[in-house]
Amino acid sequence: MNVEFLGVGSCMPEYEQADTASLLVNRHILVDTGWHVIRNLLRTGVNPRDITALFFTHMHQDHYMSLAALLFYLMNGYHSFGSLEIYGPEDVGKYVDMALTYGGHEMYYSECGTPAVHALAAEQTVSLGDIQVSCIASKHAVPGRCYRFQDIAAGGSFVYSGDTAPFDALAEFARGSDVLIHEASFQTRETPADNPYCHSSAMDAAHAAAKAGVKTLYMVHAASASREATIAAAGEIFPDCRRPMEGDSFCV
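Residues numbered from 1 in each chain as written. Predicted model: local features only at pLDDT ≥ 70, side-chain atom pairs only at ≥ 80, totals over all residues. Heavy atoms only, no water.

Caption draft 1: Region of interest: the sheet that holds strand β2 (residues 22–25). Read from one edge of the open sheet, seven strands run β6-β5-β4-β3-β2-β1-β14, paired in mixed fashion. Unpaired on one side and paired on the other, β6 (116–119) and β14 (249–251) mark the two borders of the sheet. Within the sheet, the average angular offset between the axes of one strand and its neighbour, ignoring direction, is 20°. Sheet topology note: the strand β1 (residues 2–7)/β14 ladder contains three bridges and is antiparallel. Paired with E4 across the bridge in β14 is S249. Packing of helix α4 (residues 92–102) onto the sheet brings it into contact with β5 (85–88) and β6, and relative to β6 it is tilted by some 150°. (Pairing = 2+ DSSP bridges. Helix = DSSP H or I, 4+ residues; strand = E, 2+ residues; numbered from the N terminus. Axes fitted to C-alpha atoms, helices over the stretch in contact; angles between N-to-C directions. Contact = heavy atoms within 4.5 Å.)

Caption draft 2: Examining the packing of aromatic side chains more closely. A complete count under the given rule lists 13 aromatic pairs for this structure. Ring geometry for F149 versus F158: centroids 4.9 Å apart, planes at 0°, classification stacked. Each member of the aromatic cluster is reached from another via a ring pair, and the members are F5, F55, Y87, Y147, F149, F158, Y218 and F250. (Phe/Tyr/Trp six-rings, centres within 6.5 Å; stacked < 30°, edge-to-face > 60°.)

Caption draft 3: Region of interest: helix α3 (residues 67–78). Given a rise of 1.5 Å per residue, 12 residues ought to cover 16 Å, and the 16 Å separating the end C-alpha atoms of α3 matches this to within 8%. For α3, the full list of buried residues reads L67, A68, L70, L71, L74 and M75. The buried side chains of α3 occupy one side of the element, clustering within an arc of 165° when seen end-on. Looking one or two residues beyond α3, the residue adopting positive phi is H79, at roughly 50°. (Expected span 1.5 Å × (residues − 1). Buried < 20%, exposed > 50% of the residue type's maximum accessible area, 1.4 Å probe, protein only. Arc of directions from axis to C-beta.)

Everything listed here is a matter of geometry and, on its own, says nothing about what the molecule does.
Here is the structure:
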């Protein structure tokens, strides 16, 4: 299973990290759409029409900002959504409807039909050929999902936290996986007890990786200036921790 980092940054684009955390799995499964999904896919050599499944971790703006662009690209360029199916927490359908309206679906492209949308219950599992995707509820300010991707044929797996405050169930969910991709929005600051926006630090990510027993931790959703400091802080807790760049990839 091949995983590519389309975006790795925090909620606001930077020069080095132009997009928020988002992933491409096996060149046809997308996780979140960020600010620049069309550019991101084309830069990796993937035609947006080749995306067959789109998973949303949660419906905060920086994670769905270019959903309308993706849907418009398919409507205007191909007059079809192809085999695209969209998955996410319980409110995902509302945001897909808004994106379709913004893209002019009813006025210009009604012949395209609509993509299939699936609101995932916590602990639900989806089978996509050899890839099995399971989820649990994240601990965030809006409904969210943490995802586990398992290659049934080859056996590799990874877990993506999405945006979340630290919580014990995530480490158990990730147990036995090869890789944990975890947000580190608080960077090297201790996560406050009063955490209304429900984010995590690099140390929280490292503790989750250590408890889960994964091989490698990738920290995302943090400012580029904190790269070395977050690696150093997390490295005191978990040995193989990394801060990927846009375009980096790994295989499990």
